[in-house]
Amino acid sequence: MHGAAGRPVFHGISETGLRRLVRGGGDGAVVEELLSAERSRRLLLLRALLDCTADRGHGHDGERPLSVRDAWDLLERAQVRAPEAVDGVLMAPGTGTWLSSALRLLRGAPRGDAAVRRVLGHLSALAAAGAAGARIRFSLWVPATGGIVSLPGLGCAVLAGAEERGAVRVTGDGERLRIGGPDGDVVVGPAWERRTPYWRPTRRLTLGRGAAAASLALEEHDPFRTFGGPTAPFTLSEQEAAAWQRVVDDAWELLDGEPEQTEAMRRGLRSITPVPRGERFRPYSSSSAEAFGAINASLPDEGPELAATLVHEFQHIKLGALMHLGPLVTPADKKSEQPELFHAPWRDDPRPLEGLLQGIYAFFGVTRFWRTHRHSADAPHGPLAHFEFALWRDAVWSALDSARGHERLTALGSRLLESLAQICAGWLTEPVPAEELRLAREATAGHRARWREHHLRPSAEAVYEAVRAWRRGERCPPAVRTAPSALRTDPDACFLDTAAVLARHRLTDPRGPWRETATAAVRGAGPVDVLLAGDARGPARRILTDQLRGDEPPVGSWAALGRATAGDPEHGSASAFLLGSPHWARSVRDTLLAEHGERPEPVALAAWLGGAGPAPVPAG
């Protein structure tokens, strides 16, 4: 695209829109700006795909040709007749996922590669869906996988006896579709939404009520709905579909108090893809920058949980679109042997700077939601809402503190983080009930300590220096407090959020049986975690002491001991050290055992490492 002077014209965003986005918000007009840019990007990628396939000829499956050129020509015909119908197909989230997958496959793929042919065949399905929506006459070969023919946005046909076929002919007469099968054709239309034994229409969920209501697809069929793919279709039961509508209604009612946000979501959300349900208080959700408007999510237990999920993923969606217009960070140094990684308080694994920024923006939105909702929540849900606000504001502030001022931030990235930090700093002063605040801070400290015990390693030289001083009965050397630690990602780190999950059980069901059922119901929760969640610190400390004097204590035991000794004046220095540097205690203890067969008393070792004084019993 070129301007009058022949210079390229690039999509951008207005200063008003950018100001709202860097503050974590954005109304419907901002979303329209992002959508316009995404549409142009989608068309450019589609053109690149056509150019890449120009010399590859037609893909074939036996005698059934899947022609990229024929599909493209049909899309052009449909666009002339009904541009909005083709736009709906091209801007469907799965189309973006498919385009990025296809272009990645095409890079360096040998001519005639079967995987490439299969992926390119999806263009024919898109063309048929667009032509059907435009109500024009056409005939086209379309992929069939396992006897299923998916037409994105419309639904899928189930063809008896076509399991072995790679493609079938789809014919449209302007009113109906005829999908050819070996044991009889499936005829669809003119109402695509009517279900028949062999046609499963795309379900729609309603957002809101009245004239302002919008809808989004409850996506079961699009092969690229899960951001990878292709993925086989599945079908929800009527009861499951109804449950989704009920919880969406509940969530939307909670969100409707913020008109700017709900208007943005009405315009920007396109689909929800159900994924298998997880355990309580650990819902699963994801989104992709390549699939604007799509969310993959598990069915939540209650409306507030889905409301927070929608906010979280829509923040990712907005930021992904903004990053298509301008980068937030400069590329990392590829020559570096060790990539720079950060603690993200919402993840088990260390994250690169790009991922940390995504998490900051998403959880900033979550914090803002709970900040509003906690003042309107009913009595049973109020404590949890206060807890969530306190938990996520501290998490966002901690991550902002790690990322602000980083040398790789662009001007846009710096502006974004400084704007979010200014708002978040104000939230830190807002009062939270004492019990919810204590539980949130304990969960935050526990996550950070467990993360450090898993992923940080002190220098071997400093550890040996500490071991020598301990055995001589000397004070802990300064190196323990000054020597840097190396980050070594532990792939076995998991469920570092267990303290937060147990706190949620405690707050929502304080008199319930959660203490008896938690070890079975909460993944990663052991007896010590449950004791700590119930403030039984003495019994937890005794179990941990036995573990840490054994041969192979579980990783995370030192961090747990830091929680178990917290609030005890006698063990203040031990607790502070373990919550800040549990990896040191782990390394020194393991070296004492391996090199000298010594099993130090855990709290005494932690107190010594924290500078409490000389080693309690000099070694011989």
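Residues numbered from 1 in each chain as written. Predicted model: local features only at pLDDT ≥ 70, side-chain atom pairs only at ≥ 80, totals over all residues. Heavy atoms only, no water.

Draft legend 1. Layout of the overall build of the chain. Looking only at helices and strands, the chain has 24 helices and 16 strands in total. Burial statistics for the chain: of 620 residues in total, 54% are counted as buried. Nonlocal contacts in the chain, meaning residues at least 24 apart in sequence, comprise 69% of its contacts between residues at least 6 apart. Accessible surface computed for the chain: about 27,300 Å², of which carbon and sulfur atoms make up 52%. Across the chain, 75 positive and 76 negative side-chain charges occur, with their mean positions spaced 2 Å apart. (Helix = DSSP H or I, 4+ residues; strand = E, 2+ residues; numbered from the N terminus. Buried < 20%, exposed > 50% of the residue type's maximum accessible area, 1.4 Å probe, protein only. Contact = heavy atoms within 4.5 Å. Areas by Shrake-Rupley, 256 points an atom, 1.4 Å probe, with all protein chains shown as cover. Lys, Arg positive; Asp, Glu negative; His and termini not counted. Charge placed at Lys NZ, Arg CZ, Asp CG, Glu CD.)

Draft legend 2. Layout of the pattern of salt bridges. On inspection of all chains with the given rule, the structure shows 37 salt bridges. One salt bridge connects Glu 442 with Arg 537, and the closest N-O pair in it is separated by 3.0 Å. Pair noted here: Glu 442 is in helix α14 (residues 434-455) and Arg 537 is in helix α20 (residues 537-548), with a separation of 95 residues, a long-range link. Under the relative-accessibility criterion, Glu 442 is labelled buried at 13%. Under the relative-accessibility criterion, Arg 537 is labelled buried at 18%. Ionic contacts of the salt-bridge type, sharing partners, join the residues Glu 435, Arg 438, Glu 442, Arg 506, Asp 535, Arg 537 and Arg 563 into one network. (Salt bridge = Lys/Arg side-chain N within 4 Å of Asp/Glu carboxyl O.)

Draft legend 3. View of the sheet that holds strand β3 (residues 137-143). Strands sit in the order β3-β6-β7-β8 across an open sheet of four strands; the sheet is antiparallel. In this open sheet, the two edge strands, each paired with only one partner strand, are β3 and β8 (186-188). Averaged over all adjacent pairs, the angle separating strand axes in this sheet is 20°, with direction ignored. Two elements, β3 and strand β6 (residues 167-173), share seven bridges in a ladder whose sense is antiparallel. For Arg 137, the partnering residue across the bridge sits in β6 and is Asp 173. Packing against the sheet, helix α7 (residues 122-134) makes contact with β3 and β7 (177-179), and its axis sits at approximately 150° to β3. (Pairing = 2+ DSSP bridges. Axes fitted to C-alpha atoms, helices over the stretch in contact; angles between N-to-C directions.)

Draft legend 4. Layout of the nonpolar core. Among the nonpolar cores identified, the biggest contains 95 residues, and Trp 244, Leu 269, Leu 310, Trp 346, Ile 360 and Phe 387 are the most heavily contacted of them. If one sorts the elements of this core by residue count, helix α12 (residues 382-403) sits on top with twelve residues. In contact with Trp 346, not counting residues within four places along its chain, are Leu 356, Gly 359, Ile 360, Phe 363, Trp 392, Ala 395, Val 396, Ala 399 and His 447. In terms of nonpolar packing, the next biggest core, distinct from the first, is built from 50 residues, Leu 99, Ala 102, Leu 140 and Ala 144 among them. (Core = buried A, V, L, I, M, F, W, Y, C linked by side-chain atoms within 4.5 Å.)

Draft legend 5. Main features of a negative patch on the surface. A contiguous patch of negative charge on the surface is contributed by Asp 250, Glu 253, Glu 302 and Asp 378. As for its position among the elements, Asp 250 is in helix α8 (residues 238-255). (Patch = residues over 30% accessible without salt bridge, like charges linked within 9 Å, V, L, I, M, F, W, Y side chains within 5 Å.)

Draft legend 6. Molecular detail of the side chain of His 386. Following the sequence through the fold, His 386 ends up in helix α12. Look past the residues within four positions of His 386 in its chain and what remains in contact with it is Arg 374, Val 432, Pro 433 and Glu 436.

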